[in-house]
Protein chains: 2
Amino acid sequence: MPTDDFIVTPWHVEGEIDYDKLIKQFGTEKISKQLLQRIEKITGESHFMLRRGIFFSHRDLGRILDDYEKGKKFFLYTGRGPSGHTHIGHLVPWVFAKWLQEKFDVNMYFQLTDDEKFYAKQNMTLEETRLFANENALDFIALGFKPENTKIIIDTKNIKTLYPIAAQVAKKINFSNTKAVFGFTNETNAGMIFYTALQSAPCFLEDKPVLIPLGVDQDPHFRITRDVAPKIGKIKPALIHNIMIPSLEGPGGKMSASEETTTIYTTDSPEVVKKKVNKYAFSGGQPDIEEHRKKGGNPDIDVSYQYLRIFFEPDDSKLKKIYDDYKSGKMLSGELKAILIEKINQFLKVHQEKREKARDKLDKYLLED
Amino acid sequence: MPTDDFIVTPWHVEGEIDYDKLIKQFGTEKISKQLLQRIEKITGESHFMLRRGIFFSHRDLGRILDDYEKGKKFFLYTGRGPSGHTHIGHLVPWVFAKWLQEKFDVNMYFQLTDDEKFYAKQNMTLEETRLFANENALDFIALGFKPENTKIIIDTKNIKTLYPIAAQVAKKINFSNTKAVFGFTNETNAGMIFYTALQSAPCFLEDKPVLIPLGVDQDPHFRITRDVAPKIGKIKPALIHNIMIPSLEGPGGKMSASEETTTIYTTDSPEVVKKKVNKYAFSGGQPDIEEHRKKGGNPDIDVSYQYLRIFFEPDDSKLKKIYDDYKSGKMLSGELKAILIEKINQFLKVHQEKREKARDKLDKYLLED
């Protein structure tokens, strides 16, 4: 366990994360300017999540690009632990994965780990996590993925495909490894100990290199996969990590799908969004208007601003204006919140329509064993 | 780990087993005379494996009989780890299970744990264990089970049915439990740690009590299942245990499918059987004929006699005559071996024919997910 002031594991994120420290702690690489330029050159476009450092770290992304430039394609894989409804933080790696898929014209696998959440959550049944898996799949499909090159995996549904691959991995992982990587103890349940092998399995579904866009808290799973891959004659997965999306109540933790009051769900109504942002969104503003006008606000710790930066305002010049106006005191916290509320509700209006339409299309996306 | 001179775990049996001590160590119950009489009363028959103590121990067998007499049926479940061809020791619980099935008119599930043997054997691939699973299934079918009430489970093939049940069990087992029950260490692989949950799964395939005839070395798995069952709202499995079948080279270990020279396979030719018995079967006889005639042999340690007692001579009076003749010195070791060789080859002639016919029928027995 780290001696720092923060903890990042797949099941627990706590404290204010120092991402430079985390890169050292996890042993990943920062996305350099050169690498950014290289991606822009290949894709012909600069994605705001890259240039703003929302995706900040990687493993072997250079190798993926080397191969790609030699004509060797990769495939994409990401996923979600279905412990509740999707919240807007979950959409970050999915939207970015969508962009990667379009730019590189590659296949995509999306894993819904209903078993993992059953193992990890004392009070959840497998029926509940399976239900949320179906609900979460609708959000994923709503982002515009095509069934021709995108397959959704649900662990308990696709276990026949996953298990023989997971077994190869599980044979090469011992309890010590899971202790070292996840901090497991003698009291950790046998499902959790085995589970990481199932999260590894989709890396080897195609005989090609895989690139995984994901929240950095999921990196430990793939540290194990990368250790095991050469031992079973496979290529190590490459990763590109996004930062943790703060909860409404502010930095120090990722947005959790289990906390109603600190999370905006993709299923929230405009009224609920308005209420949540106004009531709970941590503000970088001053205690009263007079002081705010004088001293200005702090956008760097203001959650509404951060949500705009991370997801809802892709236009750099518009974002800069908001930053400057808020910092100078020209823009009040309530005004900043109003901008975010409108952006979220604009997005959710379209998203929720697509999400409902996805119900009838779900079957086309589900991986066949 | 026991402080006794013997070790009995699902993956390692060593030393000369004191079965009374083992009953205490495992916490099972000896099959009492009263219980034997009760079974005879219900079935109308005394099975030689019961009256000779080949099946010597149980858990909750009385409860199964109580329920049965009240009209509540149970189902049977046993299995095999497919690490090689079937040897004659494996047939003991299967033949007994067949008898139970006929007498009680109940369903039977037979689990082939190809994943377990892959996890447990450093050098075996999943393809190899799956191949042996198919081969072992032929031996099982050859014993006369009917596809109407008998289903064969192959773990990797039926994982979609097994995994959701195993997950319920795995959530209730922690690493400490597996350490205590199996002697696992920090170096034990994650597949092995999870696996016991998959061996538990068939216990809950039907909403009825289950009775499991099995080698006593497999008891630790079901000790875990029995602890977990009430926690997931299920009935504890009942067990009936057979002794370990000695290897050709004598007591101190069970017959192992991995040791060519100490094992008789169901696929062996008459010549091979003859050679193996004559060359390797541990003899209770004296060093030379003169001494043997004078002092007599010791059938209690003679492997050929033991094989007749355990499996190949169901007729008590014939067996007693062999015992007395060998003990008195009237029968020589070579003569005793000749009796066994003939018995085995008679059995295998019929068995091998049925085994080949089973190839075309295999599909009818395989559990559909």
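None of the values given here were measured: they were computed from a predicted structure.

## Section: the packing of helix 2 (residues 33-43) of chain B against helix 4 (residues 61-69) of chain B
Residue and element names in this part refer to chain B.
Moving on, step 1. Interhelical geometry of helix 2 versus helix 4 gives an angle of 30 degrees and a closest axis separation of 11 Å. Compared by their axis directions, helix 2 and helix 4 come out roughly parallel. In the crossing of helix 2 with helix 4, the sense of the turn from one axis to the other is left-handed. Only Leu-61, Gly-62, Leu-65, Asp-66, Tyr-68 and Glu-69 of helix 4 make contact with helix 2, whose side of the interface consists of Leu-35, Arg-38, Ile-39 and Ile-42.
Moving on, step 2. Split into classes, the residues belonging to the contact of helix 2 with helix 4 amount to 6 nonpolar, 1 polar and 3 charged.

## Points about unusual backbone geometry
Moving on, step 1. Positive phi values are uncommon outside glycine, yet A:Asp105 reaches one of about 55 degrees.
Moving on, step 2. Looking at the element boundaries, A:Asp105 is found in the loop between helix 5 (91-104) and strand 6 (108-112).

## Describing a positive patch on the surface
Moving on, step 1. Judged by side-chain charge, A:Lys146, A:Lys354, A:Lys357, A:Lys361 and A:Lys364 come together as a positively charged surface patch.
Moving on, step 2. Looking at where A:Lys354 falls in the secondary structure, it is placed in helix 16 (residues 333-365).

## With respect to the side chain of A:Lys171
Moving on, step 1. Topologically, A:Lys171 is positioned in the loop between helix 8 (159-170) and helix 9 (175-182).
Moving on, step 2. Buried and without a salt bridge, A:Lys171 has B:Glu128 as its closest oppositely charged side chain, separated by 7.8 Å.
Moving on, step 3. Polar contacts involving the side chain of A:Lys171 include one to the main-chain carbonyl oxygen of B:Gln122, which spans 3.3 Å.
Moving on, step 4. What A:Lys171 contacts, discounting residues up to four positions off in sequence, is B:Phe118, B:Tyr119, B:Lys121, B:Gln122, B:Met124 and B:Asn189.

## A short note on the pairing of strand 5 (residues 75-80) of chain A
Residues and elements named next belong to chain A.
Moving on, step 1. Of all 6 residues in strand 5, 5 are buried; the element is thus mostly enclosed.
Moving on, step 2. As paired strands, strand 5 and strand 8 (residues 210-215) are joined by 2 bridges and run parallel to one another. Residue pairing in the sheet places Leu-76 in a bridge with Leu-211 of strand 8.
Moving on, step 3. Relative to strand 6, strand 5 runs parallel, the two sharing 5 bridges. Looking at strand 6, one finds that Arg-80 is bridged to Leu-112.
Moving on, step 4. The parallel pair strand 5 and strand 6, bridged by helix 5, forms a crossover whose chirality is right-handed.

## A short note on the pairing of strand 9 (residues 238-242) of chain B
Residues and elements named next belong to chain B.
Moving on, step 1. For strand 9, a buried count of 5 out of 5 residues is recorded, marking the element as mostly surrounded by other parts of the structure.
Moving on, step 2. Alternating positions in strand 9 separate into two faces, Ala-238, Ile-240 and Asn-242 on one and Leu-239 and His-241 on the other, with burial throughout.
Moving on, step 3. Examined bridge by bridge, strand 4 (residues 55-59) and strand 9 share 4 bridges and lie antiparallel to one another. Note that in strand 9 the partner of Ser-57 across the bridge is His-241.
Moving on, step 4. Judged from the 5 bridges that link them, strand 8 (residues 210-215) and strand 9 form a sheet pairing that is parallel. The residue bridging Gly-215 from the neighbouring strand is Asn-242, located in strand 9.
Moving on, step 5. On the question of chirality, the crossover connecting strand 8 to the parallel strand 9 by way of helix 11 (residues 219-228) is right-handed.

## Structural notes on the relation of the copies chain B and chain A
Moving on, step 1. For these two chains of identical sequence, chain B goes onto chain A by a turn of 180 degrees and a shift of 0.0 Å along the axis, with RMSD 0.0 Å. What the rotation and shift describe, once combined, is the action of a two-fold rotation axis.
Moving on, step 2. The share of interface residues of chain B whose copies in chain A are also at the interface is 100%, consistent with both copies meeting through the same surface.

## Some details on the sheet that holds strand 6 of chain A
Moving on, step 1. The strand order 3-4-9-8-5-6-7 (chain A) describes an open sheet built from 7 strands, whose pairing is mixed. The sheet is open, and its two edges are formed by strand 3 (29-30) and strand 7 (150-154) of chain A, each paired on a single side.

## Concerning the pattern of salt bridges
Moving on, step 1. Following the criterion strictly, the structure yields 48 salt bridges over all chains and no others.
Moving on, step 2. When the shortest N-O distance is used, the salt bridge between A:Asp60 and A:Arg226 registers 3.0 Å. Linking A:Asp60 in the loop between strand 4 (55-59) and helix 4 (61-69) with A:Arg226 in helix 11 (residues 219-228), this pair joins segments that are 166 residues apart in sequence.
Moving on, step 3. A:Asp60 sits in the partly exposed class, given a relative accessible area of 24%.
Moving on, step 4. Close ionic contact of B:Lys30 with B:Asp20 constitutes a salt bridge, the shortest N to O distance being 2.9 Å. Remark: B:Asp20 occurs in helix 1 (residues 19-26) and B:Lys30 occurs in strand 3 (residues 29-30); sequence separation between them is 10 residues.
Moving on, step 5. Residues participating in the shared-partner salt-bridge network are A:Glu135, A:Asp139, A:Arg355, A:Glu356 and A:Arg359.

## What to know about the nonpolar core
Moving on, step 1. Residues A:Tyr119 and B:Tyr119 are the most contacted members of the largest nonpolar core, which totals 78 residues.
Moving on, step 2. Discounting chain neighbours no more than four positions away, the residues touching B:Tyr119 are A:Tyr163, A:Ala167, A:Ala170, A:Lys171, A:Phe194, B:Asn189, B:Gly191, B:Met192 and B:Tyr195.

## A short note on the packing of aromatic side chains
Moving on, step 1. Tallied over the entire structure, the rule returns 44 aromatic pairs over all chains.
Moving on, step 2. Judged by centre distance (6.0 Å) and plane angle (75 degrees), the ring pair of B:Trp94 and B:Phe140 falls under edge-to-face. Here B:Trp94 is found in helix 5 (residues 91-104), whereas its partner B:Phe140 is found in helix 7 (residues 126-142), with 46 residues between them in sequence. In terms of burial, B:Trp94 and B:Phe140 fall into one category: buried.
Moving on, step 3. Through successive ring pairs, a cluster of aromatic residues spans A:Trp94, A:Phe110, A:Phe140 and A:Phe145.
Moving on, step 4. In this structure, A:Lys171 is placed above the aromatic ring of B:Phe118, and the distance from its NZ or CZ to the ring centre is 4.1 Å.

## Looking at the packing of helix 7 of chain B against helix 16 (residues 333-365) of chain B
Residues and elements named next belong to chain B.
Moving on, step 1. Their axes nearest at 7 Å, the elements helix 7 and helix 16 cross at an angle of 110 degrees. Here helix 16 runs roughly perpendicular to helix 7, going by the angle between their axes. On helix 16, the residues that touch Asn-134, Glu-135, Ala-137, Leu-138, Asp-139, Ile-141 and Ala-142 of helix 7 are His-351, Lys-354, Arg-355, Ala-358, Arg-359, Leu-362 and Tyr-365.
Moving on, step 2. A per-class count over the contact of helix 7 with helix 16 returns 7 nonpolar, 2 polar and 5 charged.

## Examining the interface of chain B and chain A
Moving on, step 1. Listed as interface residues are 34 residues of chain B and, on the opposing side, 34 residues of chain A.
Moving on, step 2. Approximately 2,900 Å² of surface area, both sides summed, lies buried where chain B meets chain A, with 59% of it carried by carbon and sulfur atoms.
Moving on, step 3. Across the contact surface, chain B and chain A share 0 salt bridges.
Moving on, step 4. Here chain B is connected to chain A by 22 residue pairs in polar contact (both at pLDDT 80 or more).
Moving on, step 5. Looking at the side of chain B that touches chain A, the elements that each hand over two or more residues are helix 6 (114-120), helix 8 (159-170), helix 9 (175-182) and helix 10 (190-200) of chain B.
Moving on, step 6. In terms of residues, the side of chain B that touches chain A owes the most to one element, helix 8 of chain B, which gives 7 residues.
Moving on, step 7. Considered class by class, the residues forming the side of chain B that touches chain A number 15 nonpolar, 10 polar and 9 charged.

So, how was this worked out
Residues numbered from 1 in each chain as written. Chains lettered and ligands numbered in written order. Predicted model: local features only at pLDDT ≥ 70, side-chain atom pairs only at ≥ 80, totals over all residues. Heavy atoms only, no water. Axes fitted to C-alpha atoms, helices over the stretch in contact; angles between N-to-C directions. Helix = DSSP H or I, 4+ residues; strand = E, 2+ residues; numbered from the N terminus. Parallel < 35°, antiparallel > 145°, perpendicular 65-115°, else oblique. Left-handed = near helix turned anticlockwise from the far one by under 90°. Contact = heavy atoms within 4.5 Å. Nonpolar A, V, L, I, M, F, W, Y, C, P; charged D, E, K, R; others polar. Patch = residues over 30% accessible without salt bridge, like charges linked within 9 Å, V, L, I, M, F, W, Y side chains within 5 Å. Areas by Shrake-Rupley, 256 points an atom, 1.4 Å probe, with all protein chains shown as cover. Salt bridge = Lys/Arg side-chain N within 4 Å of Asp/Glu carboxyl O. Lys, Arg positive; Asp, Glu negative; His and termini not counted. Charge placed at Lys NZ, Arg CZ, Asp CG, Glu CD. Buried < 20%, exposed > 50% of the residue type's maximum accessible area, 1.4 Å probe, protein only. Polar contact = N/O pair within 3.5 Å; in protein donor to acceptor, adjacent residues only side chain to side chain. Pairing = 2+ DSSP bridges. Right-handed = clockwise from strand over helix to strand, strands pointing away. Least-squares fit on C-alpha atoms with pLDDT ≥ 70 in both. Core = buried A, V, L, I, M, F, W, Y, C linked by side-chain atoms within 4.5 Å. Phe/Tyr/Trp six-rings, centres within 6.5 Å; stacked < 30°, edge-to-face > 60°. Lys NZ or Arg CZ within 6 Å of the ring centre and 35° of its normal. Buried area = accessible area lost by both parts, 1.4 Å probe.

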